Amino acid sequence: MLLAPEDITAIWLSIKVALTATALSLPFGFTVAWLIVFKPFRGKVLLEVLVNLPLTLPPVVIGFFLLLLLGKNGWIGKLLAESGITLIFTWKAAVIASATVGLPLLVRSIRIGMESIDRQLIDASRTLGAHWYDTLFTIILPLSLRGILAGSSLMFARSLGEFGATIIVAGNIPGITQTIPLAIYDYASSPSSTTMALSLCMVSVLISVSVLFLHEWLTRKLDRSRAL
Amino acid sequence: MKLHIDIEKKLGAFSLQVKADVSCERTGILGESGSGKSTLMHLVSGLMQPDKGEIILDDQCLFSSFKKNNISAEQRRIAIVFQQAMLFPHLSVKANLLYGFKRCHTENRLIKPETLIDLLKLQPLLQRGVEHLSGGEKQRVALGRAVLANPRLLLMDEPLSALDDTLRFQIIPYLRSVSEELRIPYLFISHSLTEMQLMTDQILEIKNGRCINETTAEQLARNRMAQSPNGYINLLHLSNPQQESGLYTYKWGSNTLFVSAGKHAEQSLFELSSREIILFKKHPEAISARNLLDCRVAEMFDSDGRVGVVLSANGEKLVAEIVRQAADELNITIGSTLFAAIKASSFRRLA
C-alpha cells in the first residue's frame, strides 16, 4: 500500500471531520428526533421536510447553498466575519458540509429507535413523578441508544465519503481541507496515480469496515447489558 | 379518600361523560372493552386532559376547566399499574422499584423500600434484569414500583388480564395487601366480575363512556346470576388440606369440605358455581355427592326468574341457585333449614 505524507494528512483530516461532524450533530439530531416523535406542534411536517431535504438534494446543491450562507457576503458569513471568524475553505467548512449532508441519516435512525419505545413506559415514568427532562434522560435516551449508535455510525460513514458539498465550501487544499475522497479525486484525474488512488480506496474500505464492526460490537454489548 | 369526577372527553366518535363521587378505598371500575375504562384512568391520572369538567382528589383540584387548572401527571401522585407490567427494560428490578421512590418528596416517603420488598417477597429478584422475570414476577415488581412512589391513589388498569388464571389469583393477595397493609386507596379497572369480587368493595359500572351504575361486586354478581353462564360464583378460602382416599379435605370455617382438585398449600382459593349446589329439604338417605352441608337460609334474592338462596353453614355463606318453582315446592323461606349437596369435583381451585 502506497501512501504519500499528504495522504496520511488526508486520512486524519477525514477522520477528524467525520468525528467532529458526528459529535456536533448528535445533540441536534437527538433533539430534532425527539421533537418529531414525542412533541405535537404546528409545523412538524415542515421540520421533517427540512431535515430530510439534504437526503434528496444533490450534495453540490447543498454545498452551493452553504457557500451562499457562509461566504463573505452570506447572511451568516457576514456576521462571522465581523467577529473575525472565517469558515469557508477551512476544515470547519468540511465539518459543516458533512454535518448537513449526514444529519437526515442520523435523525432517521434515532427516530426509529425512539418510535420503538412503548409510550406506556413514558406514561409510567410520568406517573412515577418524572418531569419531561427527567423522562428524556432516564428513559428515552437510554432506550434510544441503539438508534443513536446506528445513526452515528451511518453519519460517520457518510461524512467519510462526503465529496460534493465539501469541495464547494471547503475546496480541495492538500494538508488543509483535502479529505480522502478529494484526494482520490485528484489521483483519479491523473492516469499515473492509479496505485495511490487504490491505496486510499483501501484505507477508506478499512475505516468503513472498522466502523461497522465497532457498531456491531457496541450494539451487542448494549444488548448483553440489558439482558443481565 | 374522596375523589370527585365530573368530566367530558371526546375522542373521535367516542365520547366519555362521567360523573361520580368515590369515597371507598377499594373501588372497581367495571366495563366491557371499549367502554371507556382506560380513558377514564388516563384522565384521572393526568395523562390525558378532559375537554370539560373537574377532578378533585381529597379537596385538591387536579383539573378544572372552569378554573383553568390542570396539575400535570408527574405532580398528581397518582401511580398506575398497567395491564402489561411496563417495567423499564434498561433498569434492574431494584432500579425499577426505586424509580418513583427517588422522585418522591422526602416528607411523602411513608412506605420504605425494605417494607415493601418484604411484603411483596421481591428480595430474590432485586439484582435481576427485568427481561428474566416471569409474567407474575413482572407484575409484582410493577406493583412495588407504583406503591414505592408513595401515591395518594393507585390506579390498577386490568393488571391481571395479561396473566393466566393460576398466576392471576396468585397476584391478587399482593394487590389486596396494598390496601390492607399499606392503606393506599385504589381504583381497580377490570372486566372480570370475579376479580372485582376479590378486589373491591364498591363498583362504578361504565358503559359507552357513561357511568351507568354504582353498586357492589356482590350485588352485581347476584343481579347477573341468571344470565351468567356460570351462575353466581362463590369464592371460598379453604385451609388446612388433608389427603384422604383420593380426595382432599379442607377446613371451611368449622365445616369440612371434600375437594377433588386439592393442593398441599396452607390456604387455597376455590370457586364454586351456584348451579353446582343441590338443595334438599330433608336429609337424603344415600347420595353420591361427597359434601352434604347442614344449612340455614340467611337470605333470598331474585335474579330474572331464578332464586338465589344465601345459605349459612355454621356461619359461612354460600349462594345456591334454584328455579322459582323449586323454591315454592320446597317452601324455602328465610330461616328454614336445608341440606346442600356439592360434588367434590365441583370446586375449581383458583390459587
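Here the structure is a predicted model, which means the values were calculated and not measured.

### Some words on the interface of chain B and chain A
Opposite the 26 residues of chain B that make contact, chain A presents 22 residues. The junction of chain B with chain A conceals about 2100 Å² of combined surface from both sides, 62% of it contributed by carbon and sulfur atoms. Inspection of the chain B/chain A interface yields 2 salt bridges. Between D134(A) and R103(B) there is a salt bridge, with its nearest N and O atoms 2.6 Å apart. Looking at the side of chain B that touches chain A residue by residue, the class counts come to 13 nonpolar, 8 polar and 5 charged.

### Let's talk about the sheet that holds strand β13 (residues 247-252) of chain B
Within a sheet, each strand pairs with its neighbour through backbone hydrogen bonds, oriented either parallel or antiparallel. All names here are of chain B. Taking strand neighbours across the sheet as the criterion, the 5 strands line up as β14-β13-β12-β15-β21 in an open arrangement whose pairing is antiparallel. At either margin of the open sheet sits one strand with a lone partner, and together these are β14 (255-259) and β21 (348-349). Relative to strand β15 (residues 267-273), strand β12 (residues 233-244) runs antiparallel, the two sharing 7 bridges. Considered in β15, the bridge of I233 is made with S273.

### As for a negative patch on the surface
On the surface, D6(B), E8(B), D21(B) and E214(B) cluster together to form a negatively charged patch. We classify D21(B) as partly exposed; its relative accessible area is 49%.

### Quick word on the domain arrangement of chain B
In terms of domains, chain B is made up of domain 1 (3-223) and domain 2 (271-343). Computed from C-alpha atoms alone, the centre-to-centre distance between domain 1 of chain B and domain 2 of chain B is 38 Å.

### Some details on the packing of aromatic side chains
Taken as a whole and judged by the stated rule, the model has 7 aromatic pairs over all chains. Ring centres of F163(A) and Y185(A) lie 5.1 Å apart, and the angle between their planes is 65 degrees; this geometry places the pair in the edge-to-face category. Of this pair, F163(A) sits in the loop between α8 (145-160) and α9 (164-169) while Y185(A) sits in helix α10 (residues 180-189); the two residues are 22 residues apart in sequence, bridging distant segments of the chain. Overall, F163(A) belongs to the partly exposed group, its relative accessible area being 26%. In textbook terms, an aromatic cluster arises when at least three aromatic residues are bridged by ring pairs, as seen for Y248(B), Y250(B), F270(B) and F347(B). Sitting above the plane of the Y174(B) ring, R140(B) keeps its charged end 5.0 Å from the centroid. In this structure, R145(B) is placed above the aromatic ring of F88(B), and the distance from its NZ or CZ to the ring centre is 4.5 Å.

### Quick look at the nonpolar core
M114(A), I140(A), L3(B), L40(B) and L153(B) are the most contacted members of the largest nonpolar core, which has 76 residues in total. Ignoring any residue separated from it by four or fewer positions in sequence, one finds L153(B) in contact with M1(B), L3(B), V44(B), L57(B), R77(B), I78(B), A79(B), P185(B), Y186(B) and L187(B). One finds L126(B), L143(B), L175(B) and Y232(B) within the second-largest nonpolar core, a separate group that totals 53 residues.

Reading the values: the criteria
Residues numbered from 1 in each chain as written. Chains lettered and ligands numbered in written order. Predicted model: local features only at pLDDT ≥ 70, side-chain atom pairs only at ≥ 80, totals over all residues. Heavy atoms only, no water. Contact = heavy atoms within 4.5 Å. Buried area = accessible area lost by both parts, 1.4 Å probe. Salt bridge = Lys/Arg side-chain N within 4 Å of Asp/Glu carboxyl O. Nonpolar A, V, L, I, M, F, W, Y, C, P; charged D, E, K, R; others polar. Pairing = 2+ DSSP bridges. Helix = DSSP H or I, 4+ residues; strand = E, 2+ residues; numbered from the N terminus. Patch = residues over 30% accessible without salt bridge, like charges linked within 9 Å, V, L, I, M, F, W, Y side chains within 5 Å. Areas by Shrake-Rupley, 256 points an atom, 1.4 Å probe, with all protein chains shown as cover. Lys, Arg positive; Asp, Glu negative; His and termini not counted. Charge placed at Lys NZ, Arg CZ, Asp CG, Glu CD. Buried < 20%, exposed > 50% of the residue type's maximum accessible area, 1.4 Å probe, protein only. Domains from an automatic or database assignment. Phe/Tyr/Trp six-rings, centres within 6.5 Å; stacked < 30°, edge-to-face > 60°. Lys NZ or Arg CZ within 6 Å of the ring centre and 35° of its normal. Core = buried A, V, L, I, M, F, W, Y, C linked by side-chain atoms within 4.5 Å.

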